[in-house]
Amino acid sequence: AKPDAVLKVDNVRRDFGGITAVNVDHLEVQRGIITALIGPNGAGKTTFFNLITGFDKPSSGRDAKWSFDGRSLGRTNASAVAKAGMVRTFQLTKSLSRMTVMDNMLLGAPQQPGERLALSLLRPLWSKREGEIRGKAEELLARFKLLEKKDDYAGSLSGGQRKLLEMARALMSDPRMIMLDEPMAGVNPALTQSLLGHIQTLRDEGTTVLFVEHDMHMVRHISDWVVVMAEGKVVAEGPADTVMADKAVIDAYLGAH
Ligand code: ATP
């Protein structure tokens, strides 16, 4: 057991027809560090993200349990998970691409019960709270050097800028843990360093980071801990330099990198 695990997962399984996509007996994520979840295509990484963030439900048959910060999350939905402080990024979808950068940010703001935040395109509602939320969005956009793009369509951003926007949107709810889905996918080399820097800054500010990534350079460069998944199971884990130097693990699960 990890001394200060913020996320604890037990017996989480998900089947799709005859395929067992995820079958994790036990996994803990340590608070305040950067953990990478790696593994070959189809290993179950995305499905695992979906399960623990409440976007998918485990298949029955095992006693699935997971908790975040001591709070059981097993039967809660995605918004309850986000409210508990665990927030994930999403790849920018077609519909989000057609919205402005600012509207994407507003969607990341946590909603109060009964509240539907007016999107600027639909209903400009300058309540006090909306003003605060916009102010926060602008601060985050400035931090990620996207402020001057706030009225542009998100679809007009470069690959790296989209990744920054995904992160900025996730930070709208002040998460204690942020889960990044392939933060390096489609990022051109000019933005790589800046993206890595932003992720390290988050960790240094005390946010726990869990990310799925195929870019082994990035995994080596910024992870404190690496978890290897294959065929739905955790097959190895350890400090990044140990796991990434383990030839048996690399050959068996990751191929040449
Ligand atoms: P990648 O690195 O390619 O993103 P991954 O590790 O994220 O892969 P998953 O996308 O979680 O892996 O897929 C795990 C397995 O579950 C695969 O065999 C996949 O085909 C299957 N799978 C995932 N989602 C579904 C679905 N909605 N319906 C049917 N099968 C699915």
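Rules of the game
- Residues numbered from 1 in each chain as written.
- Predicted model: local features only at pLDDT ≥ 70, side-chain atom pairs only at ≥ 80, totals over all residues.
- Heavy atoms only, no water.
- Near = heavy atom within 4 Å.
- Polar contact = N/O pair within 3.5 Å; in protein donor to acceptor, adjacent residues only side chain to side chain.
- Areas by Shrake-Rupley, 256 points an atom, 1.4 Å probe, with all protein chains shown as cover.
- Helix = DSSP H or I, 4+ residues; strand = E, 2+ residues; numbered from the N terminus.
- Nonpolar A, V, L, I, M, F, W, Y, C, P; charged D, E, K, R; others polar.
- Buried < 20%, exposed > 50% of the residue type's maximum accessible area, 1.4 Å probe, protein only.
- Arc of directions from axis to C-beta.
- Contact = heavy atoms within 4.5 Å.
- Phe/Tyr/Trp six-rings, centres within 6.5 Å; stacked < 30°, edge-to-face > 60°.
- Lys NZ or Arg CZ within 6 Å of the ring centre and 35° of its normal.
- Expected span 1.5 Å × (residues − 1).
- Pairing = 2+ DSSP bridges.
- Axes fitted to C-alpha atoms, helices over the stretch in contact; angles between N-to-C directions.
- Core = buried A, V, L, I, M, F, W, Y, C linked by side-chain atoms within 4.5 Å.

Under an unreviewed UniProt entry, the protein chain has the name ABC transporter domain-containing protein and belongs to Nocardioides lentus.

A. Quick look at the site of the ligand. Lining the immediate environment of the ligand, one finds Phe16, Ile19, Ala21, Pro40, Asn41, Gly42, Ala43, Gly44, Lys45, Thr46, Thr47 and His214. Here an oxygen atom of the ligand sits 2.7 Å away from a polar atom, N or O, in the side chain of Lys45. Between Thr47 and the ligand, the recorded distance is 2.6 Å, taken from a side-chain N or O atom to an oxygen atom. Taken by itself the ligand offers 630 Å² of open surface, and the protein chains cover 60% of this. Listing elements by their share of the shell around the ligand, those giving two or more residues are β2 (19-30) and α1 (45-52). Ranked by residue count, the leading element in the shell around the ligand is α1, at three residues. Here the residues of the shell around the ligand are counted per class, giving five nonpolar, six polar and one charged.

B. Highlighting helix α10 (residues 247-254). For α10, the complete set of buried residues consists of Val249, Ile250 and Leu254. Buried residues of α10, seen end-on, are gathered within an arc of 95° and therefore sit on one face of the element. Residues of α10 that are exposed and point more than 90 degrees away from the buried face comprise Lys247, Ala248 and Ala252. Against the buried residues of α10 lie β3 (34-38), α8 (216-222), β9 (225-230), β10 (233-239) and α9 (240-244).

C. Structural detail: the packing of aromatic side chains. This structure, assessed with the given rule, holds zero aromatic pairs. The ring of Phe55 carries Arg88 above its face, with NZ or CZ at 5.5 Å from the centroid.

D. Here's a closer look at the side chain of Thr47. Inspection of the secondary structure puts Thr47 in helix α1. Judged by relative accessible area, Thr47 falls into the buried class, the value being 14%. The residues contacting Thr47, other than those within four sequence positions of it, are Arg14, Phe16, Ala21, Val22 and Asp56.

E. The arrangement of helix α6 (residues 159-171) in detail. Along its 13 residues, α6 runs 19 Å from first to last C-alpha, staying within 8% of the 18 Å computed at 1.5 Å per residue. The buried fraction of α6 amounts to eleven of the 13 residues, a majority that puts the element mostly inside the structure. Among the residues making up α6, those that are buried are Gly160, Gln161, Lys163, Leu164, Leu165, Glu166, Met167, Ala168, Arg169, Ala170 and Leu171.

F. Inspection of the environment of Ser223 at higher detail. Topologically, Ser223 is positioned in the loop between α8 and β9. Residue classification places Ser223 among the buried residues on the basis of a relative accessible area of 9%. For the pair Ser223 and Thr35, spaced 188 residues apart in sequence, the C-alpha to C-alpha distance is 5.6 Å. Once you skip the residues sitting within four places of it in the chain, Ser223 turns out to touch Ile34, Ala36, Phe211, Met218 and Ala240. A distance of 2.6 Å separates the side chain of Ser223 from the backbone oxygen of Val219, its partner in a polar contact.

G. Layout of the pairing of β10. With six bridges connecting them, β9 and β10 associate as antiparallel partners. Paired with Val228 across the two strands is Ala236, which belongs to β10. Here β9 folds back onto β10 in antiparallel fashion, the turn holding two residues, of which Glu231 has a positive phi close to 45°.

H. Geometry of the sheet that holds strand β6 (residues 86-88). What the six strands build is an open sheet, ordered β6-β7-β8-β3-β9-β10; its pairing is mixed. Sheet topology places β6 and β10 at the edges, where each strand pairs with a single neighbour. Averaged over all pairs of adjacent strands, the angle between strand axes in this sheet comes to 20°, irrespective of strand direction. Summarising the sheet, β3 and β9 pair through four bridges and their orientation is parallel. Within the sheet, the bridge partner assigned to Ile38 lies in β9 and is Val228. The sheet strands contacting α6 are β6 and β7 (177-181), and the helix crosses β7 at an angle near 155°.

I. Examining the nonpolar core more closely. One finds Ile38, Met105, Ile199 and Val226 to be the most contacted residues of the largest nonpolar core, which totals 48 residues. Ranked by residue count, the leading element in this core is α6, at six residues. Excluding residues within four positions of it along the chain, Met105 makes contact with Ala137, Leu140, Leu141, Leu165, Ala168, Arg169 and Met172. Leu7, Ala84, Val212 and Val227 belong to the second-largest nonpolar core, a separate cluster that totals 26 residues.

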